[in-house]
Amino acid sequence: MALFTRKSPAAPVTTAALPVDPALAALSGDYSIDPAHSAISFTVRHAMVTNVRGSFAEHEGTLHLDGSDPAKSTAAIDIRIESVDTGIADRDGHLRGGDFFDAERFPHMTFRSTHAEQLGGDTYRIVGDLTIKDVTKPLSIDLEFNGSATDVYGNQRVGFEGSAEILRSDWGLTWNAALETGGVMVSDKVKLAFDISAIKTA
């Protein structure tokens, strides 16, 4: 059951015609994202020839799952920009600076859902507003529901994984450098990946 992605207004998907899984309905409730067992990462093309991968180590968020009516599910995520990690300290410092995220002025990136839909089977879509710096744009994330389990501490957990693509220039992240051989140092397209483990709250 994926709960995050972009919705096309020209072809809306309604959940009423799709069957409700009783097991999924039983999972309805509020959840807190477990940052120790979740990952929010990105991939961007570097120098036209290879990929740079990174992640944000510090994030928190909440989910409300409605298994009987997935359209009523919601998500909110806050990501601390200072926690960006690509494995290279100088590069991470550049990303935190004014050329990119300007973490001193804008310490957080946020996502707030506006609606969700069931795509069929264990796949879902959640649409919302992604705010980076002082720019807010719509983002849709398609996720797959990986299942649920009770961990050794008695916590009920659910898991999702999904992805999305954005153009960083849409959020004002436009820094670049031209290459002598043509092209640019950093691609505009950024691939986002989400691997989420969330714990049901009492």
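Residues numbered from 1 in each chain as written. Predicted model: local features only at pLDDT ≥ 70, side-chain atom pairs only at ≥ 80, totals over all residues. Heavy atoms only, no water.

**Student:** I keep staring at the overall build of the protein and nothing clicks. Help me out?
**Tutor:** Helix and strand counts for the protein stand at 2 helices and 11 strands. From first element to last, N terminus to C terminus, the protein shows the α and β order α-β-β-β-β-β-β-α-β-β-β-β-β. By residue count, 41% of the 202 residues in the protein fall in the buried class. With the model as given, the accessible surface of the protein reaches about 10400 Å², and the carbon-plus-sulfur share is 52%. (Helix = DSSP H or I, 4+ residues; strand = E, 2+ residues; numbered from the N terminus. Buried < 20%, exposed > 50% of the residue type's maximum accessible area, 1.4 Å probe, protein only. Areas by Shrake-Rupley, 256 points an atom, 1.4 Å probe, with all protein chains shown as cover.)

**Student:** What should I look at first to understand unusual backbone geometry in this one?
**Tutor:** Leaving glycine aside, a negative phi is the common case for residues, and trans is the common case for peptide bonds. Notably, Met48 is not glycine yet its phi reads approximately 70°, a positive angle. If you trace the backbone, Met48 turns up in the loop between strand 2 (39-46) and strand 3 (50-56). Under the relative-accessibility criterion, Met48 is labelled partly exposed at 48%. In the Ramachandran plot, Asp102 falls in the positive-phi region, its phi being about 50° despite a non-glycine side chain. Here Asp102 lies in the loop between helix 2 (89-96) and strand 7 (108-120).

**Student:** Can you help me understand the pattern of salt bridges in this one?
**Tutor:** Close approach of charged atoms lets side chains of opposite charge pair. Considering all chains together, one arrives at 9 salt bridges under this definition. The partner of Arg125 in a salt bridge is Glu117, and the shortest N-O contact between them spans 3.6 Å. Judged on exposure class, the residue Arg125 and its partner Glu117 are both buried. Where Asp142 meets Arg125, a salt bridge forms, and the shortest distance between an N and an O atom there is 2.7 Å. Of this pair, Asp142 sits in strand 9 (residues 135-150) while Arg125 sits in strand 8 (residues 123-132), and the two are 17 residues apart along the sequence. Each of Asp34, Asp151 and Arg157 takes part in a single network of salt bridges with overlapping partners. (Salt bridge = Lys/Arg side-chain N within 4 Å of Asp/Glu carboxyl O.)

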